[in-house]
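Below, each chain spelled out in residue letters.
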Amino acid sequence: MGKLEYKTETKGDETVFHLSGKIDEDFRRKDIELNDLKKITFNFRDLTMINSCGIREWIDFLKAIPTDVKIQYEECTPIIVTQMNIISGFLRPNIKVVSFYAPYFDPSDETETLHLIHAKDITAVLPPVVKNAAGEQLDFDAHPEKYFHFLKIQESV
Amino acid sequence: MNLNGEQILEFIPEPALVINDAGIVVAANEFFLSQYGVKRRLFLNTKLPIEELICFENIDDVHLEDEAFKETTFTVFPSAITGSCLLGRRKIDDQYLLVLKDNSVEVQLHDKYQKQLDELAEYSKGLEEKVKIRTRELSESNQYISGMLDSLNQAILVLNAEGMCLPHHTTNCASIFKTPPNGKSFWDIIEYPEDEQPFLRRWISHLIKEKINFDDIADLGPKIVIKNGTHIELKYFPLRSEKLKAEGVVVVARDITRIVELEEDLHTTEEFEKVLTKVATNLFIYRSAIEEQERSLKKLLAETVVDENKFKKILHRLKGSYSLFSMHALEKMTHQVEDLEHCEMPTWKSAFIILSEETKALHAKLANSLSLPPTISHIWVDQQKIKTIAKKVPRPYSDELLAIATMALTDYINSFSVFVDELCTQLNKKNHSFVVQGPDLPADYQVIRSLQPILTLYLRNVVDHGFWNEEEKNNSISIIFNRVNKRLNISITDTGRGLRPKTEQTSNLISGRGLGMQIIKEQLKDINGFHEQTFTDNGCVLSMEMDWPEEEN
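The rules behind each value
- Residues numbered from 1 in each chain as written.
- Chains lettered and ligands numbered in written order.
- Predicted model: local features only at pLDDT ≥ 70, side-chain atom pairs only at ≥ 80, totals over all residues.
- Heavy atoms only, no water.
- Helix = DSSP H or I, 4+ residues; strand = E, 2+ residues; numbered from the N terminus.
- Buried < 20%, exposed > 50% of the residue type's maximum accessible area, 1.4 Å probe, protein only.
- Contact = heavy atoms within 4.5 Å.
- Areas by Shrake-Rupley, 256 points an atom, 1.4 Å probe, with all protein chains shown as cover.
- Buried area = accessible area lost by both parts, 1.4 Å probe.
- Salt bridge = Lys/Arg side-chain N within 4 Å of Asp/Glu carboxyl O.
- Polar contact = N/O pair within 3.5 Å; in protein donor to acceptor, adjacent residues only side chain to side chain.
- Pairing = 2+ DSSP bridges.
- Axes fitted to C-alpha atoms, helices over the stretch in contact; angles between N-to-C directions.
- Phe/Tyr/Trp six-rings, centres within 6.5 Å; stacked < 30°, edge-to-face > 60°.
- Lys NZ or Arg CZ within 6 Å of the ring centre and 35° of its normal.
- Patch = residues over 30% accessible without salt bridge, like charges linked within 9 Å, V, L, I, M, F, W, Y side chains within 5 Å.
- Lys, Arg positive; Asp, Glu negative; His and termini not counted.
- Charge placed at Lys NZ, Arg CZ, Asp CG, Glu CD.
- Parallel < 35°, antiparallel > 145°, perpendicular 65-115°, else oblique.
- Nonpolar A, V, L, I, M, F, W, Y, C, P; charged D, E, K, R; others polar.
- 1 Å grid on protein atoms, 1.4 Å probe; cavity = no way out; pocket = protein on both sides within 12 Å on 5 of 7 lines; lining within 4 Å.
- Points joined across faces, edges and corners; volume = space filled by probe spheres on them.

(A) Layout of the overall build of chain B. Secondary structure assignment for chain B yields 20 helices and 16 strands. Every one of the 553 residues in chain B was classed for burial, and the buried ones make up 42%. Put simply, 59% of the contacts in chain B that link residues at least 6 apart link residues at least 24 apart. Approximately 31,300 Å² of chain B is accessible, and the part contributed by carbon and sulfur atoms is 53%.

As structure tokens, then:
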């Protein structure tokens, strides 16, 4: 997939930007037209890549959005979660993470899967319990404290 | 200092991992795991050799301690992520710390940048080549255009609003204007009179302002200049900008000296042909005219003392004779000699000599063209001789012979109608009728000799001063003659405004000096004649009476 593309979806007073493709050095702020919207949601499910140049551009893009605009992140993939955990500026006071994907491992067949987690379901940095079809509990396939670190950042910014 | 190794590993802001002496992965920071999609469980509970986790293409042995970071490409097997990094290796105790300073993005950007630079270089090269080709084409076109313009035999230069010549001009300028025009003013180039230069300045400035149509203003400029004997024709065109505004004046100059010379030659030839035609169709009168001219010139050349009045009368008569055969060059020359005043005899003499030589030359040329015998007397039919022969042969042969020998007086006088018509054309007047009436009389040689200067001079006066200029007014001449006993009566009536002696007359090439009537009087006196002139509101009548030569038996 090539450069960043998006589709918009309106849900009441909220506009959802479904992002797809890459956020890299070719991404420019003006590529996403916000048109004075006051409630925005970025859906990262189909975003395939973000590199260091892309991160820099994305942070500049966020800085340019007025602080009274409410932003939500939904369906953040592990690559976005990693950036949120380590890069300052990826989360801002007007940004709230609604949902994200978390890696799980099934010891019975040694498969790795991503499961959508709602931020509100996280308590005390414990991953939600996910079971396979046989009803067996899956292992959370990351360091919970480190993986959910962005939730702490979100509270502090 | 007791530092937690795992915390230090996490703090390293690059993907990092630790292997032991045997090459087994011992630890990795979160950066490494999340960046390359590696699960901690892969090495946490099992022995994972480094070769099964990651492969560095340019590194032979990860255990070698190396002070410097070494650039290499790599592949992480569990996630199949490939990239490029600067790999740093450091042995700490019995373990090795590997730090991958990932520069995949830089490498990608560098490659991308390099590719774009290469494309740009290629494009620039192509562009340079195109510019080179276009420049060559443009230069060739310029050469062709310059060559074409230079071969036109025209000088083309451009003037600015101040009348200065711009550097762009054809090479012919130097040869046509006899000076290189670069940086000079137009008036200097064409050597325009100093007192008229301000006009030229204003004219050029108005041409460019174009408040009035360019062509209309251009028409006011100098059209032909003569410089060092070269006739230069000038034409003007606007040099327009993209917005069609006149920004300069293009001057196209042409050397027309040869054309002027040819036109003069042609004019001379045409004039000669006119004379030739007249002579060829009026040989009879020509002889009389040539005799008249020879006689007059002989008289002038024999003079030793200045007598202006006498000279002018002879010259006037001579001029009339020249005009009878449209010998305009000689007519003009005579007119100029007539204008001489208060001159010494040598001046007059030299003028008479020139006139005589030119007259002789013209007659020689005419004789040559018409294949006439060298002596003019051969043209004239000896009337007496024919009459004598005619008496010896019976009729009707005798009548035929007499008809050859003589011309009717009516026909002779009628031949002056062509002369009158030509004078009218010269003066832009119209001759409505020329009527001759009289009995059947022969045009006797003696009579013609006397009549020719009289008719020539008088008819010139009538046309010049008597005839109306106005188209609607009638200009006509009626000549009536009769022989009573041994006298010939001739009356010339015209319907002009009347040749009143007090009428103010202006001297010109044709008449106006007041000599004509004096000459007529003297001429008539020679043949025992007289004249009377009467003026009416409807014109003028000249009545003459003179001897008719005695006929031989």
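(B) Layout of the interface of chain A and chain B. Taken together, the contact between chain A and chain B spans 13 residues of the former and ten residues of the latter. Summing the contributions of chain A and of chain B, the shared interface buries around 1,100 Å²; its carbon and sulfur component is 51%. On the chain A side of the interface with chain B, the three residues burying the most area are Glu25, Asp141 and Lys146 of chain A, jointly 37% of the side's total. Across the chain A-chain B interface, the total number found is six salt bridges. The partner of Lys146 of chain A in a salt bridge is Glu10 of chain B, with the nearest N and O atoms 3.0 Å apart. At the junction of chain A and chain B, the tally comes to five residue pairs in polar contact (both at pLDDT 80 or more). Of all the secondary-structure elements, those providing two or more residues to the side of chain A that touches chain B are helix 1 (52-63), helix 2 (78-86) and strand 6 (99-106) of chain A.

(C) Structural detail: the side chain of Asn85 of chain A. Examined against the element boundaries, Asn85 of chain A turns out to sit in helix 2. Looking at Asn85 of chain A, the relative accessible area reads 15%, which means it is buried.

(D) A look at the environment of Gln533 of chain B. On the secondary structure map, Gln533 of chain B appears in strand 15 (residues 530-536). Spatially, the C-alpha atoms of Gln533 of chain B and Ile492 of chain B are 9.5 Å apart, while their sequence positions differ by 41 residues.

(E) Local environment of the sheet that holds strand 1 (residues 5-11) of chain A. Residue and element names in this part refer to chain A. With mixed pairing, the five strands of this open sheet are ordered in space as 1-2-3-4-5. The open sheet has two edge strands, strand 1 and strand 5 (95-97), and neither has a second partner. This sheet shows a mean twist of 25° between the axes of neighbouring strands, independent of strand direction. Where strand 3 (residues 39-50) and strand 4 (residues 70-74) come together, five bridges link them in parallel fashion. Paired with Asn43 across the two strands is Glu74, which belongs to strand 4. Lying on the sheet, helix 1 is in contact with strand 2 (14-23), strand 3, strand 4 and strand 5; it crosses strand 3 at an angle near 175°.

(F) Geometry of the packing of aromatic side chains. Within this structure, the stated rule accounts for 27 aromatic pairs over all chains. Taken together, a centroid distance of 5.2 Å and an interplanar angle of 70° make the contact between Phe42 of chain A and Trp58 of chain A edge-to-face. Of the two residues, Phe42 of chain A is situated in strand 3 and Trp58 of chain A in helix 1; the sequence distance between them amounts to 16 residues. Given a relative accessible area of 0%, Trp58 of chain A falls into the buried group. Each ring, one from Phe186 of chain B and one from Tyr236 of chain B, has its centre 6.1 Å from the other, and the planes form 90°; the classification is edge-to-face. Of the two residues, Phe186 of chain B is situated in helix 7 (residues 186-189) and Tyr236 of chain B in strand 10 (residues 230-240); the sequence distance between them amounts to 50 residues. Judged by its relative accessible area of 0%, Phe186 of chain B falls in the buried class. Using a relative accessible area of 7% as the deciding quantity, one classes Tyr236 of chain B as buried. In textbook terms, an aromatic cluster arises when at least three aromatic residues are bridged by ring pairs, as seen for Tyr6, Phe17, Phe27, Phe42, Phe44, Trp58, Phe61, Tyr73 and Phe90 of chain A. We note Arg41 of chain B situated over the ring of Phe105 of chain A; from NZ or CZ to the ring centre the distance is 3.4 Å. One cation-aromatic arrangement involves Lys365 of chain B over Phe272 of chain B; the distance from NZ or CZ to the ring centre is 4.2 Å.

(G) Molecular detail of a negative patch on the surface. On the surface, Glu51, Glu52, Asp60 and Asp61 of chain B cluster together to form a negatively charged patch. Residue placement: Glu52 of chain B occurs in helix 4 (residues 50-53).

(H) Local environment of the packing of helix 12 (residues 308-324) of chain B against helix 19 (residues 445-466) of chain B. Residues and elements named next belong to chain B. One way to put it is that helix 12 packs onto helix 19 with a least axis distance of 9 Å and a crossing angle of 85°. Classed by the angle they form, the pair helix 12 and helix 19 counts as roughly perpendicular. Note on element contacts: helix 19 touches helix 12 through Gln452, Pro453, Thr456, Leu457 and Arg460, opposite His316, Arg317, Lys319, Gly320, Ser321, Ser323 and Leu324. Along the lines of polarity and charge, the residues of the contact of helix 12 with helix 19 split into three nonpolar, six polar and three charged.

(I) Examining empty space enclosed by the protein more closely. All names here are of chain B. All chains considered together, the criterion is met by two cavities of 30 Å³ or more. Only helix 12 and helix 19 provide two or more residues apiece to the lining of the largest cavity. Among the elements that make up the lining of the largest cavity, the one with the highest residue count is helix 12 (four residues). Grouping the amino acids of the lining of the largest cavity by side-chain chemistry returns two nonpolar, four polar and two charged. Its boundaries defined by the atoms lining it, the second largest cavity holds a volume of some 30 Å³.

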